[in-house]
Amino acid sequence: MKKKHKIILVAGLVLSTILALLASLLAFSAKWMFKTWTNLTMDELVYHLTAPLEGTNTDMIKDYCNECAVPVLLILGCILFVIAANRKHTGILKKIAIVCSAGAVAVTGITVGVIWNGLDVSNYMKGQSTYSTFIDDNYVDPRSVEITFPEQKRNLIYIFLESMETTYADTENGGASEKNVIPELTTLAQENEDFSGKDDTTLNGGYSMPGTTWTMGAMFGQTSGLPLNISIDGNDMDTQENFFPEIITIGDILESAGYSQTLMLGSDATFGGRRTYFTQHGNYNIKDYNYAIEQGWIPEDYKIWWGYEDQKLFDYAKEELQNLATGSEPFNLTLLTVDTHFEDGYVCEQCQNEFGDNQYANVMACSSRQVDAFVKWIQEQPFYENTTIIISGDHLTMDSDFCNDVSDDYERSVYNAFINLPENLDTSFEKTHNREFSTMDMFPTTLAALGAEITGEKLGLGVNLFSGVETLTEQCGREKLDKELKKKSTFYDMLINDVDIN
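Analysis parameters
Residues numbered from 1 in each chain as written. Predicted model: local features only at pLDDT ≥ 70, side-chain atom pairs only at ≥ 80, totals over all residues. Heavy atoms only, no water. Phe/Tyr/Trp six-rings, centres within 6.5 Å; stacked < 30°, edge-to-face > 60°. Helix = DSSP H or I, 4+ residues; strand = E, 2+ residues; numbered from the N terminus. Buried < 20%, exposed > 50% of the residue type's maximum accessible area, 1.4 Å probe, protein only. Lys NZ or Arg CZ within 6 Å of the ring centre and 35° of its normal. Patch = residues over 30% accessible without salt bridge, like charges linked within 9 Å, V, L, I, M, F, W, Y side chains within 5 Å. Areas by Shrake-Rupley, 256 points an atom, 1.4 Å probe, with all protein chains shown as cover. Salt bridge = Lys/Arg side-chain N within 4 Å of Asp/Glu carboxyl O. Core = buried A, V, L, I, M, F, W, Y, C linked by side-chain atoms within 4.5 Å. Contact = heavy atoms within 4.5 Å. 1 Å grid on protein atoms, 1.4 Å probe; cavity = no way out; pocket = protein on both sides within 12 Å on 5 of 7 lines; lining within 4 Å. Points joined across faces, edges and corners; volume = space filled by probe spheres on them. Nonpolar A, V, L, I, M, F, W, Y, C, P; charged D, E, K, R; others polar. Axes fitted to C-alpha atoms, helices over the stretch in contact; angles between N-to-C directions. Parallel < 35°, antiparallel > 145°, perpendicular 65-115°, else oblique. Pairing = 2+ DSSP bridges. pLDDT = per-residue confidence, 0-100.

1. A look at the packing of aromatic side chains
Working definition: an aromatic ring pair is given by the centre-to-centre distance plus the angle between the planes. Applying the stated criterion across every chain, the model contains 24 aromatic pairs. For the ring pair W297 and Y316, a centre distance of 4.5 Å and an interplane angle of 40° mean the geometry is tilted. Here Y316 lies in helix α12 (residues 310–325) and W297 lies in the loop between α11 (289–294) and α12, a separation of 19 residues in the sequence. The class of W297 is partly exposed, set by a relative accessible area of 28%. The buried category is assigned to Y316, whose relative accessible area is 11%. Taken together, the aromatic side chains of F220, F243, F244, Y277, F278, Y284 and Y492 make up a single cluster linked through ring pairs. Between the NZ or CZ atom of K179 and the centre of the ring of F355, over which it lies, the distance is 5.0 Å. The side chain of R478 reaches across the aromatic face of Y207, ending 3.9 Å from its centre.

2. Quick word on a nonpolar patch on the surface
A cluster of nonpolar side chains, V14, I18 and L22, forms an exposed patch at the surface whose accessible area comes to about 270 Å². Among the secondary structure elements, L22 is positioned in helix α1 (residues 2–36). According to the relative accessible area criterion, L22 is exposed, its value standing at 52%.

3. Things to note about the nonpolar core
F149, F220, L226 and L447 are the most contacted members of the largest nonpolar core, which totals 61 residues. Top contributing element to this core by residue count: helix α15 (residues 442–449), with 5 residues. With near-sequence residues (within four places) excluded, F220 lies in contact with G225, L226, P227, L228, F243, F244, I247, Y277 and Y492.

4. Remarks on empty space enclosed by the protein
In the structure shown here, the tally under the stated rule is 1 cavity of 30 Å³ or more. Each pocket or cavity is described by its volume, and for the largest cavity that value is around 60 Å³. Those elements that place two or more of their residues in the lining of the largest cavity are β2 (155–161) and β5 (331–336). The dominant element in the lining of the largest cavity, judged by the number of residues it contributes, is β2, at 3 residues. Grouping the amino acids of the lining of the largest cavity by side-chain chemistry returns 5 nonpolar, 4 polar and no charged.

5. Quick notes on the environment of D426
Within the fold, D426 resides in the loop between β7 (416–419) and α14 (429–432). Distance from D426 to A448, taken between C-alpha atoms, is 9.7 Å for residues 22 residues apart in sequence. Among residues more than four places away in sequence, those in contact with D426 are K431 and F466.

6. Some remarks on the pattern of salt bridges
Counted according to the given criterion, the structure contains 10 salt bridges. Linking K487 and E484 is a salt bridge whose minimum nitrogen-to-oxygen distance equals 3.5 Å. Of the residues examined, K487 reaches a relative accessible area of 24% and is grouped as partly exposed. You can call E484 buried: its relative accessible area is 13%. Several salt bridges share partner residues, and in doing so they unite D268, R275 and D288 into one network.

7. Remarks on the packing of helix α7 (residues 183–191) against helix α13 (residues 359–379)
The interhelical angle for the contact between α7 and α13, taken along N-to-C directions, is 45°, at an axis separation of 7 Å. Comparing their axes, α13 and α7 come out oblique. Taking contact as the criterion, the partners of P183, E184, L185 and L188 in α7 are, on α13, A365, S368, R369, V371, D372 and V375. Residue classes in the contact of α7 with α13 are distributed as 6 nonpolar, 1 polar and 3 charged.

8. Quick word on α15
With 8 of 8 residues buried, α15 lies mostly within the body of the structure. What α15 keeps buried is the set M442, F443, P444, T445, T446, L447, A448 and A449. The first or second residue beyond α15 is G451, which carries a positive phi of 90°.

9. Quick look at the pairing of strand β6 (residues 387–393)
Counting buried residues in β6 gives 7 out of 7 residues, a clear majority hidden from the surface. Going residue by residue along β6, you find T387, I389, I391 and G393 tucked away on one face and T388, I390 and S392 tucked away on the opposite face as well. Judged from the 7 bridges that link them, β2 and β6 form a sheet pairing that is parallel. Looking at the pairing, N155 lines up with T387 of β6.

10. Things to note about unusual backbone geometry
A positive phi is found at F244, a non-glycine position, where the angle reads about 45°. Tracing the chain through its elements places F244 in the loop between α8 (215–224) and α9 (250–256). Exposure remark for F244: the relative accessible area of 0% places this residue in the buried category. Here the phi dihedral of W305 falls at roughly 55°; this positive angle occurs in a residue that is not glycine. With respect to the helices and strands, the residue W305 is situated in the loop between α11 and α12. Under the relative-accessibility criterion, W305 is labelled buried at 13%.

11. Remarks on the confidence of the model for the protein chain
Residues at a pLDDT of 70 or more form 84% of the protein chain, whose mean pLDDT is 84. Here residues 231–240 is modelled with pLDDT under 50, and outside its nearest four sequence neighbours on either side it reaches 30 contacts, counting other chains as well.

12. Quick look at the environment of D401
With respect to the helices and strands, the residue D401 is situated in the loop between β6 and β7. By relative accessible area, which is 44% here, D401 ends up partly exposed. Expressed as a C-alpha distance, the spacing of D401 and E343, which sit 58 residues apart in the sequence, is 9.2 Å.

13. Thoughts on the sheet that holds β6
An order of β4-β3-β5-β2-β6-β7 is seen for the 6 strands of this open sheet, with the pairing classed as mixed. Both edges of this open sheet fall to β4 (285–287) and β7, since each of them pairs with a single strand only. Ignoring strand direction, the axes of neighbouring strands in this sheet form an average angle of 10°. As paired strands, β6 and β7 are joined by 4 bridges and run antiparallel to one another. Residue I390 lies in a different strand from β7, and its bridge partner there is F418. Of the strands in this sheet, β2, β3 (260–265), β4 and β5 are in contact with α12, which crosses β5 at around 175°.

In structure tokens:
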């Protein structure tokens, strides 16, 4: 009988210890998650839980281990020490098992509550169980639209700027900062087109709607006119090999129009499904961090931040542009920067210290200067005359505290600037003045910026901002659009049945 009781006690201690460790790991993980992603949403979390982790920033993995795994190991050590110190005291061992079990239940309950409220899980689940015909009714399939390119096709340089908002400009220029953190980007938008109107110097950006609030979601939304919403109830995303094969994106359209397409980025393109998406939709040549190593651009052991810094990206892009310009095909060069990624960005050798201890502001200011210098270099090249440059933030910043002082009344938006538009494009004040739009409107607007004519002016859920047609944001308002995009869609379900990002 004593042997049986001993076995039960040991089993109880093992089980209660495991429960205590799992509860602790959950609690530390939740704390780390909300500290790392201050604006994390359920759709982003669900997406990354199903997306490949290959290419993740190693610093982020180390940070997780330090803040979550290490404390759990310390707790394990403490529990084992207490058990060893009292191994001959059956009564105390029973109490240890009870305390560990009760503590695990309490900690788990509190943590689940924090996660539930922090991610607004109830509304997410409500949306997942509610069907709406909003996407079904408003989606315009590019297959059904006549898109006519000019006889001489224009080149496209599309620059996704990590976490770039209009918020970083000063209040005088439409931002929310006391001092303008991005003066060069502010001037670029003001001297070109950002849909605020020719006489309005305040910056005007696009709204980042549900399904577009992280990098892959943002790139997907701006190139397809759809949110990237992955259902929590399973899409076999770990077994399929496709990324929304049924949709038509800007990459597909430009490929059909004879464009040579390249995606350049200083991180691993596999992360988040970017390689699969841009390869399957437009047959882009992927020149990422791994490609840079293969080509000998950087040493095999070179790894900073997410791969290599933006300073190198712009240098490599200059060489790529010179090569592309010698070809007979029109080209689309798409870039994705990374230095301004949270937390606090990467300080490169070009960064200055004009904002003192505010590292993220210094990094943003450095990015603004680098982008401006890159644009000025392009403007000096022979191919610029027939090239449209589009600069767009991908989403709002996820930095934990940079925008803490921004008033709740201020509507944060994603930066954009359209540079060197075709002469025949209608940019009249009436059509471009103070447009209310989402980043999904970039899809048809980009094609229009290349001189393409779009019958009906709509593609996906986006509207050509150079037209007089109302955007969904202008028709419905942000609140309604947010609510509808969080709901399930029969049409979207049909698309998602064939989606995977591995």
